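Below, each chain spelled out in residue letters.
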Amino acid sequence: MPLSLYGRSLLTLLDYSPDEIRFLLKLSAKVKAEAKKGRILRRFQGKTLALLFEKRSTRTRCAFETAFGEEGGHPVFLSTADIQLGSKESLEDTARVLGRMFSAIQFRGFKQETAEVLAKYSQVPVYNGLTDLYHPTQALADLLTLEESFGDVKGKTLVFTGDGRNNVARSLMVICSKLGTNFTVITPAELNPDEELQKKCRSLASASGAIITVTSDINAVTGADALYTDVWTSMGEEDKKDERVKLLTPYQVNQKLMDKTGKKNTIFLHCLPAVKGEEVTADVIDGPQSKAWDQAENRKHTIKAVMLATLIK
Ligand code: CP
Ligand code: NVA
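A brief look at the structure comes next. (Residues numbered from 1 in each chain as written. Chains lettered and ligands numbered in written order. Predicted model: local features only at pLDDT ≥ 70, side-chain atom pairs only at ≥ 80, totals over all residues. Heavy atoms only, no water.)

**So, the environment of His-135**
Move 1: Tracing the backbone shows His-135 in the loop between β4 (126-128) and α5 (136-150).
Move 2: Linking His-135 and Asn-182, residues 47 residues apart in sequence, is a C-alpha distance of 19 Å.
Move 3: Among residues more than four places away in sequence, those in contact with His-135 are Thr-60, Arg-108, Gly-129, Leu-130, Asn-167, Val-168, Ser-171 and Arg-299. (Helix = DSSP H or I, 4+ residues; strand = E, 2+ residues; numbered from the N terminus. Contact = heavy atoms within 4.5 Å.)

**Here's the deal with the sheet that holds β4**
Move 1: With parallel pairing, the four strands of this open sheet are ordered in space as β2-β1-β3-β4. Every other strand in the sheet has two partners, leaving β2 (74-79) and β4 as the edge strands with one partner each. Direction aside, neighbouring strands of the sheet carry axes that sit 20° apart on average. (Pairing = 2+ DSSP bridges. Axes fitted to C-alpha atoms, helices over the stretch in contact; angles between N-to-C directions.)

**Considering the site of ligand 2**
Move 1: Within the structure, ligand 2 sits among Leu-130, Asn-166, Asn-167, Val-168, Asp-230, Val-231, Ser-234, Met-235 and Leu-272.
Move 2: At 2.8 Å, a side-chain N or O of Ser-234 approaches a nitrogen atom of ligand 2.
Move 3: At 2.8 Å, a backbone N or O of Met-235 approaches an oxygen atom of ligand 2.
Move 4: Here ligand 2 loses 96% of its free accessible area of 270 Å² to cover by the protein chains.
Move 5: The site holding ligand 2 turns out to be the largest pocket.
Move 6: The residue makeup of the shell around ligand 2, split by class, is five nonpolar, three polar and one charged. (Near = heavy atom within 4 Å. Polar contact = N/O pair within 3.5 Å; in protein donor to acceptor, adjacent residues only side chain to side chain. Areas by Shrake-Rupley, 256 points an atom, 1.4 Å probe, with all protein chains shown as cover. 1 Å grid on protein atoms, 1.4 Å probe; cavity = no way out; pocket = protein on both sides within 12 Å on 5 of 7 lines; lining within 4 Å. Sits in = over half its atoms within 2 Å of the grid points. Nonpolar A, V, L, I, M, F, W, Y, C, P; charged D, E, K, R; others polar.)

**Let's talk about the pairing of strand β1 (residues 48-53)**
Move 1: In terms of residue burial, β1 counts as a mostly covered element, since five of its six residues are buried.
Move 2: Pairing analysis gives six bridges linking β1 to β2, with the strands arranged parallel. For Leu-52, the partnering residue across the bridge sits in β2 and is Leu-78.
Move 3: With respect to chirality, the unit in which β1 leads through helix α2 (residues 59-69) into the neighbouring parallel β2 is right-handed.
Move 4: Pairing of β1 with strand β3 (residues 104-108) involves five bridges; the strand directions are parallel. Its bridge partner being in β3, Ala-50 is matched across the sheet by Ile-105. (Buried < 20%, exposed > 50% of the residue type's maximum accessible area, 1.4 Å probe, protein only. Right-handed = clockwise from strand over helix to strand, strands pointing away.)

Next comes the structure, spelled out in structure tokens:
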């Protein structure tokens, strides 16, 4: 039977098989090629998308809104200042109502559980646009960017340095363990990704051939094909800023660290927004090895691919 993702939510990539992820990446590359040719398609005509945001966003909101709107769909942006999300009426009731009016829902916010409840009660596809635990659409864009630089990502090595327990590091660990991409997290022990997720990913990795490493040793960047970092304090953790700067300063990505990989063609990745001078120096993120801007563009193509795969029969 041909692979179909019609009707599916994307809450975490743990729910997607390696073949399904590869399918989405292939579709993303196709969607990107169509966009470069300037093809005008109206595949979301007659469809509606609710964009729920508890946290701020530039890329994710713009990617969903433009990808859906330019194909004739009608996206509606709803922040917590606009609608009830568990206050005044239950989340379940909001989900039921949204499900009667929208073809799909994007949720960005704090709890993963909110995305799960929205999916369960709305009965329409729900896309996780970032929660405290996962950022799956980001990981798809990251792997598309890696593929664009290196072709097959199996056997390549992606090294993440910084806050190893954050949503971006966790999602990268999941996607790499499924696709056979070696993944190293370099982080102080206090910020290790949680044991349960590590266990799950190591088991997935044993099937795909990926090597998953968690270490505090910055020398583990040696051999990296891609060096990735993210902000030291994620949204919702602003009170931890001083503590994080102290803990993570030795893990900054600068040119010296890029050179330490020992590979001339190592690329630099960052999900953005970046705090230049903290997790990465300006010369690296704005320099020739950086693919951060392609990565940002790829958010749109991968998000469009996810919506096409799940909304169009
Ligand atoms: N990378 C990312 O999710 O960016 P935004 O927070 O701007 O959406
Ligand atoms: N880890 C960051 C990612 C932002 C895209 C955060 O959650 O704020």
